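Fold and contact review
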Amino acid sequence: MPSSVRPSMPATAPPVACVVTGTASLDVAEVTFRLLTAGTQPLAIDGAEIGLGLPARRIPLHELAAILMHPSCSYTARDTVWRLLVARARTGGSAWVIGAVGVALPGLRAAAKRLAATYCGDVQAEVLAGFLAALHQIRPSLPQVAQRLCSTAFVTARRQLRAGEPPRVEAAGAAAGAVAPPALWRHPDFVLLRAVRAGVITEGEAALIGATRMEEVTVADYAARVGKTVKAVYKARDRAEARLVAAICSGALSEPDAEVIAEATLTVAADPEPRT
C-alpha cells in the first residue's frame with residue numbers, strides 16, 4: 001500500500017462511543033466518526049491480521065476509509081475488510097456501527113444526493129436508516145460488500161421516501177403491444193458503474209440511464225439539461241440499454257456481477273412503482 005495514502009479526517013478530539021443525534025444525519029454521523037477515530041486510542045483494525053497489502057499495523061478507521069478508496073487496494077482486500085466491519089457492527093456495539101457508517105460515507109452521500117434531487121423528505125435520515133438495516137440483512141459472503149450495503153440503503157430509503165409522497169398520476173399509456181423496458185433499469189447505481197468500468201456503456205450513458213430510469217427525470221427535461229433534442233436522447237438511451245442488456249445476457253459481465261445484479265433485482269422487485 002503506497003505511503004502516500006493519508007487520513008482524510010483530522011484527529012482533534014477524544015473518541016466517544018455514542019451516536020450524536022441531529023437533523024442532518026450523515027453530517028452528524030461523520031462528526032461522531034471523527035471523534036471515534038481521534039485521540040490516542042482511535043477505533044481501528046489490525047492490518048497485520050488481514051494482510052492483502054494493508055499496512056501491517058493498527059489502522060484507524062478514518063485512515064482505513066482512505067486506503068479502501070485508493071486505486072492500489074484490491075477488490076479482495078476491500079471485501080475482506082468490509083466483512084470484518086459488518087461482523088463487528090453486528091456484535092461490537094454502537095461504536096463499530098458508527099465505524100462502518102463512517103467508512104461507507106462517500107457511498108451514502110452519493111445515494112443521498114441522488115435521492116435529494118427527486119424527494120423532499122429527510123433523505124439523509126432515510127439513507128442512514130437503510131444502511132443500518134442493511135448491516136444486519138446482507139450476506140457478507142457475497143462479493144462487493146460495500147456496494148451492496150449502499151445499494152440496499154438507497155433502495156430502502158427510496159421506498160420510505162416514496163411512501164411519504166402523494167401518489168403520482170402516470171403519463172399517457174404506452175402504445176398497445178409495447179414491450180416493457182428491460183429489468184436492468186431497476187438496478188441500483190453500482191450496476192451502471194460496473195458496466196462503465198467494463199466498457200459496455202460510457203459515463204454519459206450511465207448518467208442518462210440513471211437520471212431518466214431511476215431518478216424519474218423526464219427525457220424532455222434531461223434533453224433540455226444537456227442541450228439535445230428529445231429524439232436524440234431517446235435514441236442514445238435505447239442504444240446504451242441495448243448494449244447493457246446484450247452484455248448481461250451474453251455473460252460479458254463477470255459472474256460476481258451477475259450475482260450482485262440478481263440480488264439487486266430481487267431487492268428492488270419488492271419495491272413496486274406507485275400507481276393510480
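Below or above, wherever it landed, is the structure these notes cover. Bear in mind the structure is a predicted one, so any value in this text is a computation, not a measurement.

Concerning the overall build of the chain
- Counting secondary structure elements, the chain contains 13 helices and 2 strands.
- Within the chain, the proportion of its 276 residues that are buried is 43%.
- Summarising the internal contacts of the chain: among those between residues at least 6 apart in sequence, 65% fall at separations of at least 24.

Some words on unusual backbone geometry
- The backbone phi angle of L52 is positive, close to 55 degrees, even though this residue is not glycine.
- Looking at the element boundaries, L52 is found in the loop between α2 (47-50) and β2 (58-60).
- In the Ramachandran plot, Q144 falls in the positive-phi region, its phi being about 55 degrees despite a non-glycine side chain.
- By secondary structure assignment, the location of Q144 is in the loop between α7 (123-137) and α8 (145-163).
- Under the relative-accessibility criterion, Q144 is labelled buried at 6%.

Overview of the pattern of salt bridges
- This structure, assessed with the given rule, holds 5 salt bridges.
- A salt bridge links R34 to E30, with the nearest nitrogen and oxygen atoms 3.2 Å apart. On the criterion of helical spacing, the pair formed by R34 and E30 is a turn pair, its members being 4 residues apart in helix α1 (residues 25-36).
- When its relative accessible area of 34% is taken as the criterion, R34 is described as partly exposed.
- Among the salt bridges present, the one from R109 reaches E30, with a minimum N-O distance of 2.8 Å. In this pair, R109 is assigned in helix α6 (residues 105-116) and E30 in helix α1, connecting sequence segments 79 residues apart.

Examining the packing of helix α10 (residues 203-214) against helix α11 (residues 219-226)
- Direction vectors running N to C along α10 and α11 enclose 140 degrees, while the axes themselves pass 10 Å from each other. The two elements α10 and α11 meet at a crossing, and its hand is right-handed. Where α10 abuts α11, its residues G204, A207, L208, A211 and T212 lie against V219, Y222 and R225.

What about the packing of aromatic side chains?
- Evaluation of the coordinates by the stated rule reveals 0 aromatic pairs.
- Here the guanidinium or amino end of R88 rests over the ring plane of W96, the centre of that ring lying 4.8 Å away.

Cut-offs and rules
Residues numbered from 1 in each chain as written. Predicted model: local features only at pLDDT ≥ 70, side-chain atom pairs only at ≥ 80, totals over all residues. Heavy atoms only, no water. Helix = DSSP H or I, 4+ residues; strand = E, 2+ residues; numbered from the N terminus. Buried < 20%, exposed > 50% of the residue type's maximum accessible area, 1.4 Å probe, protein only. Contact = heavy atoms within 4.5 Å. Salt bridge = Lys/Arg side-chain N within 4 Å of Asp/Glu carboxyl O. Axes fitted to C-alpha atoms, helices over the stretch in contact; angles between N-to-C directions. Left-handed = near helix turned anticlockwise from the far one by under 90°. Phe/Tyr/Trp six-rings, centres within 6.5 Å; stacked < 30°, edge-to-face > 60°. Lys NZ or Arg CZ within 6 Å of the ring centre and 35° of its normal.

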